[in-house]
Amino acid sequence: MSETKPTIVLVHGAWADASSWNAVSVPLQAEGYTVLAPPNELRGLQSDSAYIASFLAQRTSGPVVLVGHSYGGAVITNAGAQGGDVRALVYVDAFIPDEGETVVSILDGSGSALAVADPTTVLDVAGYPGAPEGAADAFLKPETVHTAFAQDLPEVDRWTIVATQRPISFVANVSPSGPPAWKTIPSWAVLGTEDRVIPIDTQRRQAQRAGATVSEVDGSHVSMVSHPEAALAAIRAAAASIG
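In this text, all values refer to a predicted model and were calculated from it rather than measured experimentally.

With that settled, consider the overall build of the protein chain. Counting its secondary structure elements, the protein chain contains ten helices and nine strands. Its C-alpha atoms give the protein chain a radius of gyration of 16 Å, near enough to 18 Å, the size a compact globule of 243 residues would have. Viewed in the frame of its principal axes, the protein chain has a C-alpha envelope of about 50 × 35 × 30 Å. For the protein chain, with 243 residues in total, the buried portion stands at 56%. Here the analysis covers contacts within the protein chain between residues at least 6 apart in sequence; of these, 73% occur between residues at least 24 apart. Put simply, the protein chain shows about 9,900 Å² of open surface, and 54% of that area lies on carbon and sulfur atoms. Averaging the locations of the 13 positively and 25 negatively charged side chains of the protein chain gives two centres separated by 5 Å.

Strand order in the open sheet made by the three strands is E5-E6-E7, with antiparallel pairing throughout. Strand pairing shows two members of the sheet lacking a second neighbour, strand E5 (123–126) and strand E7 (168–169), which therefore form its edges.

Moving on to the packing of aromatic side chains. Under the definition given, this model contains one aromatic pair. Taken together, a centroid distance of 6.1 Å and an interplanar angle of 85 degrees make the contact between Trp15 and Phe149 edge-to-face. Of this pair, Trp15 sits in the loop between strand E1 (7–11) and helix H1 (22–30) while Phe149 sits in helix H5 (residues 142–149), placing them 134 residues apart in sequence. Among the residues examined, Trp15 registers a relative accessible area of 7% and is labelled buried. In this structure Phe149 comes out as buried when scored by relative accessible area, which is 2%. Here Lys5 stacks its cationic end above the ring of Tyr33, 4.4 Å away from the centre of that ring. Seen from the ring of Tyr128, Arg43 lies directly overhead, with NZ or CZ sitting 3.9 Å from the centre.

Further remarks concern the pattern of salt bridges. A complete count under the given rule lists eight salt bridges for this structure. Three or more residues joined by partner-sharing salt bridges are found here, namely Asp201, Arg204 and Glu216.

The contact between H5 and helix H6 (residues 155–164) brings their axes to 9 Å, and the two run at 130 degrees. Considering the angle they form, H5 stands oblique to H6. Relative to H6, the crossing made by H5 is right-handed. Across the interface between the two elements, Pro142, Val145, His146 and Phe149 of H5 pack against Glu155, Arg158, Trp159, Ile161 and Val162 of H6. Per-class residue counts for the contact of H5 with H6 are six nonpolar, one polar and two charged.

By the bridge criterion, five bridges tie strand E8 (residues 187–192) to strand E9 (residues 213–217) in an arrangement that is parallel. Bridging from a neighbouring strand, Gly192 pairs with Val217 of E9. Between the parallel elements E8 and E9, the chain passes through helix H8 (residues 200–210) in a crossover that is right-handed.

Conventions and cut-offs
- Residues numbered from 1 in each chain as written.
- Predicted model: local features only at pLDDT ≥ 70, side-chain atom pairs only at ≥ 80, totals over all residues.
- Heavy atoms only, no water.
- Helix = DSSP H or I, 4+ residues; strand = E, 2+ residues; numbered from the N terminus.
- Rg over C-alpha atoms; globule rule 2.2 N^0.38 Å.
- Buried < 20%, exposed > 50% of the residue type's maximum accessible area, 1.4 Å probe, protein only.
- Contact = heavy atoms within 4.5 Å.
- Areas by Shrake-Rupley, 256 points an atom, 1.4 Å probe, with all protein chains shown as cover.
- Lys, Arg positive; Asp, Glu negative; His and termini not counted.
- Charge placed at Lys NZ, Arg CZ, Asp CG, Glu CD.
- Pairing = 2+ DSSP bridges.
- Phe/Tyr/Trp six-rings, centres within 6.5 Å; stacked < 30°, edge-to-face > 60°.
- Lys NZ or Arg CZ within 6 Å of the ring centre and 35° of its normal.
- Salt bridge = Lys/Arg side-chain N within 4 Å of Asp/Glu carboxyl O.
- Axes fitted to C-alpha atoms, helices over the stretch in contact; angles between N-to-C directions.
- Parallel < 35°, antiparallel > 145°, perpendicular 65-115°, else oblique.
- Left-handed = near helix turned anticlockwise from the far one by under 90°.
- Nonpolar A, V, L, I, M, F, W, Y, C, P; charged D, E, K, R; others polar.
- Right-handed = clockwise from strand over helix to strand, strands pointing away.

Dropping the structure here:
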């Protein structure tokens, strides 16, 4: 791997794992980048961010482009200035919270398919060992995956998401965000215009507030899978900005 290139660290979101970045990581590795895709624990914003910050501190050396999808955007917002030498942030169909905001508060009134009065109409809920008081795991119902999460993927791929999804604890979605890394680190944002989880108007508002370099793609909430070239272009631009 070239020592002149920054390391690319890819942080997945809820209902996914590191394999959700495969269509992005493989081309970047072929171009000579060191690419790392750590697990996002999906247990709580503070603990998830602390884990990624620790990963950055211990597993990277030199400049880093830190990339987050969906809830992973909230994680990199909190972890970006806490570990490693992060020089650029890239948000892909992601939450870009300001201090004190939560995932739930960002989606409230947005028209998101997940912002519903009764979450059990779109999510399946299950307890897990060691859960804090009132906490539970949230899984996407199959219908939610097919119509709102990954509607532009082939049916076989949507069913794979249904089968392999990693749940997120409700605690993570109501945890207030801390001081945002985007206030001190340059950012890029890829916005899926057909995103039904984080509607495009909400994405645009967040990206503008963060001063991000914005690109849009005719894609669902998982545009890095359905249209990876958009995420790749933003990551390459972020990497090229690092002197």
